[in-house]
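Listed below, chain by chain, are the residues.
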Amino acid sequence: MALVPYAAGSHGALAALHCPAATFRFAGRPLRIRQRWAQLGVAAVVWDAAVVLSTFLEAGSIDLRDRHVLELGAGTGLPGIVAALLGKRGRSPRRVPAGARVTLTDRADALELLEANVRDNLPPEALPRAAVRELAWGQGLGAFPAGAFDLVLGSDIVYLEETFAALLRTLEHVCAARTLVLLACRLRYERDHRFLRLLRARFAVRELLHDAGTDVRIYEARKAARGDEL
Ligand SMILES: C[S@@+](CC[C@H](N)C(=O)[O-])C[C@H]1O[C@@H](n2cnc3c(N)ncnc32)[C@H](O)[C@@H]1O
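What counts, and at which threshold
Residues numbered from 1 in each chain as written. Predicted model: local features only at pLDDT ≥ 70, side-chain atom pairs only at ≥ 80, totals over all residues. Heavy atoms only, no water. Axes fitted to C-alpha atoms, helices over the stretch in contact; angles between N-to-C directions. Helix = DSSP H or I, 4+ residues; strand = E, 2+ residues; numbered from the N terminus. Parallel < 35°, antiparallel > 145°, perpendicular 65-115°, else oblique. Left-handed = near helix turned anticlockwise from the far one by under 90°. Contact = heavy atoms within 4.5 Å. Nonpolar A, V, L, I, M, F, W, Y, C, P; charged D, E, K, R; others polar. Salt bridge = Lys/Arg side-chain N within 4 Å of Asp/Glu carboxyl O. Buried < 20%, exposed > 50% of the residue type's maximum accessible area, 1.4 Å probe, protein only.

Chemist: Could you give an account of the packing of helix 3 (residues 48–59) against helix 4 (residues 78–86), with specific residues and numbers?
Modeler: Relative to each other, helix 3 and helix 4 sit at 15°, their axes nearing to 8 Å. Classified by the angle their axes make, helix 3 and helix 4 are roughly parallel. The hand of the helix 3/helix 4 crossing is right-handed. Listed contacts from helix 4 to Ala50, Val51, Leu53, Ser54, Leu57 and Glu58 of helix 3 are Leu78, Pro79, Val82, Ala83 and Leu86. Partitioned by chemical class, the residues of the contact of helix 3 with helix 4 number nine nonpolar, one polar and one charged.

Structure representation (structure tokens):
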């Protein structure tokens, strides 16, 4: 599967994709995320959905401390990096939360850049709590303990119809009843809506937010009893 599905231009909105780095401020820190569109395509730029999801995490409605977090299709890794920064060790001298442990995953081709971004943007004390690992959806799932994660993040990972079944299998494997899945998506095509219908057949899905500026929506999904519908 090609990693560069879109024609690359250097004007308009695409210009930002060609920048060697994108800069942000999250968790009180400047972040500089390296990009490499020309070599790696979609996995190597920061998509709007990643920024919307990171902003949502920073708003604080999800307690990240002491949580096991998995990011799927992390690309450059912004939400996973922000989760690691926000889920840092508390200051209470009595019962100190362990701090979020974040596993950022993607296909093998994307891992070198992802590792560099994690290394560049996490302070030394947070680095041991972040791991970068290969996870091609639906493959080698045995390497990830079933239901081991409290929070699963995915930004702009719903876009390739041929991956939908494998992505669903992956979500079913890594989620337990307690697991919260947060998917940030720009639903571009009818097939993207089809993914949500497939997801709703197995998870209780609810839209949490629509960012009008970017048309990115955040959905929560849980394996537990079906509740709200889209
Ligand atoms: C549009 S990019 C989004 C990247 C990043 N999450 C963001 O929002 O900036 C889609 C990501 O999904 C990953 N991806 C696509 N197919 C995959 C598969 N079968 N298994 C694992 N990751 C996959 C790509 O490598 C890429 O990093």
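That was the structure; now back to the text.
Chemist: Hey, could you go over the pattern of salt bridges for me, with residue numbers and the actual values?
Modeler: Counted under the stated rule, the structure contains 12 salt bridges. For the salt bridge of Asp120 with Arg34, the shortest nitrogen-to-oxygen distance reads 2.8 Å. Taken together, the positions of Asp120 in helix 5 (residues 111–121) and Arg34 in strand 2 (residues 29–34) put the pair 86 residues apart, joining distant regions of the chain. With a relative accessible area of 31%, Arg34 lands in the partly exposed category. Of the charged contacts, one joins Glu190 and Arg197 as a salt bridge, the two residues approaching to 2.7 Å between their closest N and O atoms.

Chemist: Which residues make up the environment of Leu31, and what values do they have?
Modeler: Note that Leu31 resides in strand 2. A sequence separation of 51 residues divides Leu31 from Val82, and the C-alpha atoms of the two residues are 9.2 Å apart. Setting aside anything within four residues of it in sequence, one finds Leu31 in contact with Ala22, Thr23, Phe24, Phe26, Leu78, Ile81, Val82, Leu85 and Asn121.

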